[in-house]
Amino acid sequence: MKTVFQKPEALTDMPMHYCPGCTHGIIHRLVGEAIDSLAIREQTIGVASVGCSVFAYDYFNCDMQQAAHGRAPAVATGIKRVLPESMVFTYQGDGDLASIGMAEIVHAAARGENITVVFVNNAIYGMTSGQMAPTSLLGQKTATSPRGRTVEEMGYPIKMCELLATLEGPAYLARVSTHDSRHVLQAGKAIKKAFEIQQQKKGFAMVEVLSTCSVNWGMTPVKALGWLEENMIPYYPLGVYRDVTAKEGN
Amino acid sequence: MAEIIIAGFGGQGVLVLGQMITYSGMIEDKAVSWFPSYGPEQRGGTCNCSVVIAEDEIGSPLVTVPTTAIVMNAPSFDRFEPKVGKGGLLIYNSSLIDKKSERDDIRVIAVPANQIADELGNARVANMVLLGTLLEATNVVKTESVEKALKNVLSERHHDLIPLNMQALERGRAYQ
Amino acid sequence: MAKILMKGNEALSEAAIRAGLKAFYGYPITPQNEVPAYMAEHLPLRGGVYLQAESEVSAINMVYGAAGAGVRVMTSSSSPGISLKQEGISYIAAAQLPCVIVNVVRNGPGLGGIQPAQGDYFQAVKGGGHGDYRLIVLAPGNVQEMADLTTLGFDLADKWRNPVMILSDGILGQMMEPVVFSEDGAVSEVDKPWATNGAAGRERNIVNSLDIIPDKAEKNMLRLLEKYDQIKAEEVRWQEHNTEDADVILVGYGTSARVARSAMELARKEGLKVGLFRPITLWPFPEQRLAELAKAGRSFLAVEMSAGQMIEDVRLAVNGVSPVHLSNRLGGMVPTPEDVLEKVREILEGRVS
């Protein structure tokens, strides 16, 4: 019998706690596949954050640290600076990275810290049950914007790739999506690229992955994928916002 | 035990003078401590440092009742002249301080330190002039310890300044 | 071994480098600035990493990362900055990571001032961050101890897998005294099989403080408390002078102990029977020895640059057997030996309640 598909070695056998229809599982797999394909599992140290992916340390089959809310880029910096030959990645949500951890991500990027950041943007706080996130869209109803997000009250959603692209530090910035299989494949390539950038010691690499939260969005999983495509992508355009290797003609 | 306060404007070599005395005491294997005023005080305003030289372990490094005060400007005179302990010594820079102490329970020596330093061609050795006065008036540390300390504290490329410093010291001795 | 005249902050930094420091993550604040400046100058040339973080919050989390990666790591700050680090300190204690945190205490609360104080005692010894945890807290009393207790701090941190705080103050940090560094250069590092430094040829390691299942979390807490009890049994340190015949025992740490020592000397010259008890570990506090020293007819006088913080631990130790009084200054003012002596006279003459 021929194996045509299997779980990456970089993932454990632990059943994931994510809700049905959540795209975190897919993104975990993409990270696992990237680690496998580069054969770096034994030198990789992952940093889990606070939010729905708080248990990521149970799922990635490599050394893991669990960081305080928003601090994953600082923790990753602490590790990478003393173990420069290791591969260090953070896995963070939008509340963690774009709200409480804004200082940490901006400065890690500005320093060109040689780490890989997987930023999962689902436009809501999932773990704490559906509060407004810094990336929640205008008009989006959440537990803490029950009449929909308004500019007057809460200002505008933050576009992290565009914001970090104003800095000289980042080597690779890309926004990808998980709403269909074609985009999932593209996301996988971007995540692998973000690890390669680190392997080549080129500096800070972040992949922003648009994802769904069907439970807190109050939709079926399928409807949520459609909502992502129709509402998030127009505000958060997909694409590569920085790629130093492209300049070099690679 | 000698408890010394040195005070003046930032840039007059107040802290360095304190360090010189402290370093010299260390060379003589005495217990020594140096503590500076720190923070915004240092910049532009007045600054001071406490130096303690003792035979045995030193308690408080912050001098509150000095056995000797060396003051290099008028505000420091006003602040520390009343604090010198009975039987203590006040050495002040009469080039910049146009005042007289009314106290009769301490010894007071006025030294035109800036004038002497200018005569020597380097305004920056005014502090060493005052150190000369101190060395002559008390036996807090030996002159040869100060010379050794200078060699240790000044980087090699500034060793040509040692004779000038020692000259300033000698000029200060004359004031008693 | 040559004596070197150094500032306390510099002596501490040099000792840390000699102890095998591999990373220093800091942020500017007075009066600890000599520490990061010394580290920036020397650490990268001696095999370590220096990085100025974007905030104290980030600095302590970088410490978390590097400590988890198994290297000797340190941060330093002064009071308001240490408040910002409390979140990280709680996580570090929970994840049982070894590191050294230096607090060169200035006066507070709030932005306060930059002058020496001891108002962070409670924060250091009673917690400071959230949850049930303890730091090992070392209180140097001179520049030599700024160096020696830093060396000890790294050893204790590794031995117990626990964060260690050096509780200094603006005077100890800024003052110069002679210091001697041992020449042997031996670094007593321990194996860290738990470190996350790449799972090559072993099971993966996890550095974590999340404990979400109550019965399991309680068991883990009990294990942590067991460790704290062991530290209490093995690591208490203090110094005493003239306590045998003393009618009044002064109790103080750090700069206050220096002032108290001067006061004791003045008192003895006057024929007053005054002794000095100086805790070196503030946690674990030398409560047993203080309890032994407590007896009828003897008083204790806590000397502090805080509003009456350490005095609570003295009272707990003495447990009502002897009266415990307070002599203190606040706001960055330093008590004088004369102030303390006056309080001693009041006690001996029965002028205090």
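For the structure itself, look to the data block above.
Colleague: Quick question: what am I supposed to make of the overall build of chain B here?
Modeller: Along chain B, the regular secondary structure elements total 6 helices and 6 strands. Along chain B, from the amino end to the carboxyl end, the secondary structure elements read β-α-β-β-β-α-β-β-α-α-α-α. Taken over C-alpha atoms, the radius of gyration comes to 15 Å for chain B, in line with the 16 Å a tight globule of 176 residues would show. Taken along its principal axes, the extent of the C-alpha atoms in chain B is 40 × 40 × 35 Å. Contacts in chain B between residues far apart in sequence, at least 24 positions, make up 58% of those at least 6 positions apart.

Colleague: Explanation requested: the overall build of chain A in the structure shown.
Modeller: Summing up its helical and strand segments, chain A has 11 helices and 7 strands in all. On C-alpha atoms alone, chain A measures out to a radius of gyration of 17 Å, which is about the 18 Å that the 2.2 N^0.38 rule sets for 250 residues. Principal axes of the C-alpha set define a box for chain A whose edges measure 50 × 50 × 35 Å. Across the 250 residues that make up chain A, the buried fraction comes to 56%. Considering only residue pairs separated by 6 or more positions, chain A has 68% of its internal contacts joining residues 24 or more positions apart.

Colleague: Help me understand the interface of chain B and chain C in this model?
Modeller: How big an interface is tends to be reported as the loss of accessible area on association of its parts. Taken together, the contact between chain B and chain C spans 16 residues of the former and 19 residues of the latter. Of all the secondary-structure elements, those providing two or more residues to the side of chain B that touches chain C are helix 1 (14-27) and strand 2 (31-36) of chain B. Sort the elements by how many residues they give to the side of chain B that touches chain C and strand 2 of chain B lands first, with 5 residues. Taken together, the residues that form the side of chain B that touches chain C break down as 9 nonpolar, 7 polar and no charged.

Colleague: When you look at the sheet that holds strand 3 (residues 49-52) of chain C in this model, what are you seeing that I'm missing?
Modeller: Strand pairing in a sheet relies on backbone hydrogen bonds. The paired strands run either parallel or antiparallel. All names here are of chain C. Strand order in the open sheet formed by 7 strands is 3-2-4-5-7-6-13, and the pairing between neighbours is mixed. In this open sheet, the two edge strands, each paired with only one partner strand, are strand 3 and strand 13 (281-283). Adjacent strand axes in the sheet meet at a mean angle of 20° when their direction is disregarded. Pairing of strand 2 (residues 23-26) with strand 3, which is carried by 4 bridges, proceeds in the parallel orientation. The residue bridging F24 from the neighbouring strand is Y50, located in strand 3.

Colleague: Before we go on, may I ask you to explain the nonpolar core in this structure?
Modeller: Across soluble globular proteins, nonpolar side chains show a tendency to be buried alongside one another. Core analysis: the largest hydrophobic core is formed by 248 residues, its most contacted members being V118 of chain A together with V63, V137 and L250 of chain C. For this core, the two domains that each supply at least three residues are domain 1 (4-234) and domain 2 (239-348) of chain C. Excluding residues within four positions of it along the chain, V63 of chain C makes contact with G78 of chain A together with Y25, V73, T75, G88, I92 and C99 of chain C.

Colleague: Where do I start with the arrangement of the chains in this structure?
Modeller: Between all 2 pairs of chains that are in contact, chains A and C come out with the most contacts. A minimum C-alpha distance of 28 Å separates chain A and chain B, which share no contact.

Colleague: What should I look at first to understand the environment of G68 of chain C in this one?
Modeller: Here G68 of chain C lies in helix 3 (residues 56-68). Taking the C-beta count within 10 Å as the criterion, G68 of chain C has 34 such neighbours and is therefore assigned buried. On a C-alpha basis, the gap between G68 of chain C and A95 of chain C in space is 8.6 Å, while along the polypeptide they are 27 residues apart. Beyond its immediate sequence surroundings of up to four residues, G68 of chain C is in contact with Q65 and I79 of chain A together with A95, L97, A195, T196 and V207 of chain C.

Colleague: Teacher, can you tell me more about the pairing of strand 11 (residues 248-251) of chain C here?
Modeller: Residues and elements named next belong to chain C. With burial as the criterion, each face of strand 11 is covered, one bearing V248 and L250 and the other bearing I249 and V251. Sheet analysis places strand 11 next to strand 12 (residues 274-279), joined by 4 bridges and oriented parallel. The partner of V248 across the bridge, within strand 12, is V274. As paired strands, strand 11 and strand 14 (residues 299-304) are joined by 4 bridges and run parallel to one another. The residue bridging L250 from the neighbouring strand is L301, located in strand 14.

Calculation rules
- Throughout this description, residue numbers start from 1 for each chain and increase along the sequence as written.
- Chain letters start at A and ligand numbers start at 1, both assigned in the order the entries are written.
- Totals for whole chains, interfaces and linings use every residue, but because this is a predicted model, local features are given only for residues with pLDDT of at least 70 and side-chain atom pairs only at 80 or more, for both listing and counting.
- The secondary structure listing takes helices from DSSP runs of H or I that are at least 4 residues long and strands from runs of E that are at least 2 residues long, numbered from the N terminus.
- To get the radius of gyration, use the C-alpha atoms; to get the globule rule, take the number of residues to the power 0.38 and multiply by 2.2 Å.
- By the convention adopted here, residues are in contact when the distance between their C-beta atoms, placed from the backbone, does not exceed 7 Å.
- We call a residue exposed when 12 or fewer other C-beta atoms sit within 10 Å of its C-beta, buried when the count reaches 20 or more, and partly exposed for counts in between; the C-beta positions come from the backbone.
- Each residue receives one of three labels: charged for Asp, Glu, Lys and Arg, nonpolar for Ala, Val, Leu, Ile, Met, Phe, Trp, Tyr, Cys and Pro, and polar for the others, Gly being one of them.
- Only strands that DSSP links by at least two bridges are regarded as paired with each other.
- Interaxial angles span 0 to 180 degrees and are taken between N-to-C directions of axes, which are lines fitted to C-alpha atoms, for helices over the stretch in contact.
- To define a nonpolar core, we join buried Ala, Val, Leu, Ile, Met, Phe, Trp, Tyr and Cys residues through C-beta atoms within 7 Å and take the resulting set.
- Throughout, the edges of the domains are those of an automatic or database domain assignment.

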